[in-house]
Amino acid sequence: MPRKAAPSASQAARKAATTEPVVRFETVGMRYGRAPEVLKDVRFTLSPGSFHFLTGPSGAGKSSLLKLIYLAAQPSRGRVELFGHDVQAVPRQDQPFLRRRIGVVFQEFRLLDHLTAFDNVALPLRVAGQKPAAYREDVRELLSWVGLGQKLNAMPPALSGGEKQRLAIARAVVNRPELLIADEPTGNVDHEMALRILKLFIELNRLGTTVLIASHDRELVEASGMPVLKLNEGKLTRQRGADAA
Ligand SMILES: Nc1ncnc2c1ncn2[C@@H]1O[C@H](COP(=O)(O)OP(=O)(O)OP(=O)(O)O)[C@@H](O)[C@H]1O
Ligand SMILES: [Mg+2]
């Protein structure tokens, strides 16, 4: 993991001050419109600095569960807490502040096609008010680390699926989020690159980021040895080594 990684004093202080779970679900139900619930009585916690995989068959509700965490959806019952805040009690105008503490790798990437690879990754830093001179080298280094050092000026439509995925990962981790959520982040890369991405996530986690990764990749999940939350038809059925709710 590139240098950018050193935690700032304020981040360290904030971390030391918070022992509450980063995420807590209490008997959460979720449905789309009037359709049947896609999440049922889901309860779990993510402690600060923890690393979990989220597994389960296609349609089990993994992406839906992640949406609740990054505030793209609301539970239809139960309670979701993020950094100690009940998400349903957070006023809409304050949600972006919580959201900025989370890095998200979307299943469908969501890159900005009119920006170069470099600018896609730099965007979260620009939005946070940093100057190009302060982040240029870090962004280059991170892009090299994910194997895109020769593609700094490429536009996303000109990248392969795996390259887009790596770009989306670089963008999600560039500002050292407190919580990293990744939805199938290795679905488009070969096994060697998947292991490299896993290493990046583990390194980020060692530096203090709480990590939750939805993945179908059994080999990767096993290789990591990390705790597993398992969803089946909207219910959490197995929690290997995971925190009790
Ligand atoms: N926007 C939506 N509107 C209505 N139903 C949805 C929507 N998104 C997902 N669903 C439904 O919710 C259920 C869970 O979907 P979800 O995408 O969370 O599953 P998943 O575990 O992420 O699957 P995959 O492994 O294929 O990505 C599915 O039955 C799906 O059809
Ligand atoms: Mg999904």
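As a reminder, the structure under discussion sits directly above these lines.
Right, let's walk through the structure included here. None of the values given here were measured: they were computed from a predicted structure.

Focus: the overall build of the chain
Item 1. Scanning the chain for helices and strands turns up eight helices and ten strands.
Item 2. Computed over the C-alpha atoms, the radius of gyration of the chain is 17 Å, within 12% of the 18 Å expected from 2.2 N^0.38 for a compact globule of 245 residues.
Item 3. Each principal axis of the C-alpha atoms in the chain carries an extent, and together these give about 45 × 35 × 35 Å.
Item 4. Counting only residues that meet the buried cut, the chain has 50% of its 245 residues in that class.
Item 5. Considering only contacts in the chain between residues 6 or more positions apart, those separated by 24 or more positions represent 71%.
Item 6. Here the chain displays about 11,500 Å² of accessible surface, and carbon together with sulfur accounts for 49% of that area.
Item 7. Between the mean site of the 35 positive side-chain charges and the mean site of the 25 negative ones, the chain shows a separation of 3 Å.

Some remarks on the coordination of the magnesium ion (ligand 2)
Think of it this way: four donors in a tetrahedron around the metal ideally sit 109.5 degrees apart, and six in an octahedron ideally sit 90 or 180 degrees apart.
Item 1. Of the protein atoms, only Ser63 (OG) and Gln107 (OE1) coordinate the magnesium ion (ligand 2), at distances of 2.0 to 2.4 Å. Of this pair, Ser63 sits in helix H2 (residues 62-69) while Gln107 sits in the loop between strand S6 (102-105) and helix H4 (117-127), placing them 44 residues apart in sequence.
Item 2. For Gln107, a relative accessible area of 38% puts it in the partly exposed group.

Topic: helix H5 (residues 132-145)
Item 1. For H5, which comprises 14 residues, the first-to-last C-alpha distance of 19 Å matches the rise-based estimate of 20 Å (1.5 Å per residue) to within 8%.
Item 2. Of the positions making up H5, those classed as buried are Tyr135, Asp138, Val139, Leu142, Leu143 and Trp145. For H5, the buried positions fall inside an angular range of 145° around the axis, keeping them on one side.
Item 3. Residue Gly147 follows H5 closely and has a positive phi angle near 80°.

Concerning the site of ligand 1
Item 1. Not every one of the 13 residues close to ligand 1 is listed here, only the nearest: Ser58, Gly59, Lys62, Ser63 and Ser64.
Item 2. In the model, an oxygen atom of ligand 1 is placed 3.2 Å from a nitrogen or oxygen of the Ala60 main chain.
Item 3. In this structure, Gly61 approaches ligand 1 through a main-chain N or O atom, which is 3.0 Å from an oxygen atom.
Item 4. Look at ligand 1: alone it shows 630 Å² of surface, and the protein chains cover 59% of it.
Item 5. Here the residues of the shell around ligand 1 sort into four nonpolar, seven polar and two charged.

Regarding the packing of helix H6 (residues 161-173) against helix H7 (residues 191-206)
Item 1. Where H6 contacts H7, the axes come no closer than 12 Å and their chain directions differ by 5°. What the angle tells us is that H6 and H7 run roughly parallel. Touching Arg166, Ile169 and Val173 of H6 are Met193, Ile197, Leu200, Phe201 and Leu204, all from H7.
Item 2. The residue inventory of the contact of H6 with H7, partitioned by class, reads seven nonpolar, no polar and one charged.

Brief notes about the side chain of Ser64
Item 1. Along the chain, the position of Ser64 falls in helix H2.
Item 2. Contact partners of Ser64, with chain neighbours within four places excluded, come to Met30, Tyr32, Val38 and Leu39.

Focus on the pattern of salt bridges
Item 1. Inspection of every chain in the model, using the stated rule, returns ten salt bridges.
Item 2. The partner of Glu81 in a salt bridge is Arg79, and the shortest N-O contact between them spans 2.8 Å.
Item 3. For Glu81, a relative accessible area of 14% corresponds to the buried category.
Item 4. Its relative accessible area of 35% is what places Arg79 among the partly exposed residues.
Item 5. Residues Arg101 and Glu178 are paired through a salt bridge, measuring 2.8 Å at the closest nitrogen-oxygen approach. With Arg101 in the loop between helix H3 (95-99) and S6 and Glu178 in the loop between H6 and strand S7 (179-183), the pair connects residues that are 77 residues apart, well separated along the chain.

Some thoughts on the sheet that holds strand S4 (residues 77-82)
Item 1. Reading across the sheet, the four strands line up as S2-S1-S4-S5 and stay open at both edges, with antiparallel pairing between neighbours. Since the sheet does not close on itself, it has two edges, and those belong to strand S2 (39-46) and strand S5 (85-86), each with one partner.
Item 2. Its contacts with the sheet place H2 against strand S1 (23-30), S2 and S4, and it is angled at close to 125° to S1.

What counts, and at which threshold
- Residues numbered from 1 in each chain as written.
- Chains lettered and ligands numbered in written order.
- Predicted model: local features only at pLDDT ≥ 70, side-chain atom pairs only at ≥ 80, totals over all residues.
- Heavy atoms only, no water.
- Helix = DSSP H or I, 4+ residues; strand = E, 2+ residues; numbered from the N terminus.
- Rg over C-alpha atoms; globule rule 2.2 N^0.38 Å.
- Buried < 20%, exposed > 50% of the residue type's maximum accessible area, 1.4 Å probe, protein only.
- Contact = heavy atoms within 4.5 Å.
- Areas by Shrake-Rupley, 256 points an atom, 1.4 Å probe, with all protein chains shown as cover.
- Lys, Arg positive; Asp, Glu negative; His and termini not counted.
- Charge placed at Lys NZ, Arg CZ, Asp CG, Glu CD.
- Donors = N, O, S within 2.8 Å, 3.2 Å for Na, K, Ca; no water.
- Expected span 1.5 Å × (residues − 1).
- Arc of directions from axis to C-beta.
- Near = heavy atom within 4 Å.
- Polar contact = N/O pair within 3.5 Å; in protein donor to acceptor, adjacent residues only side chain to side chain.
- Nonpolar A, V, L, I, M, F, W, Y, C, P; charged D, E, K, R; others polar.
- Axes fitted to C-alpha atoms, helices over the stretch in contact; angles between N-to-C directions.
- Parallel < 35°, antiparallel > 145°, perpendicular 65-115°, else oblique.
- Salt bridge = Lys/Arg side-chain N within 4 Å of Asp/Glu carboxyl O.
- Pairing = 2+ DSSP bridges.

All we've got here are geometric facts, nothing functional implied.
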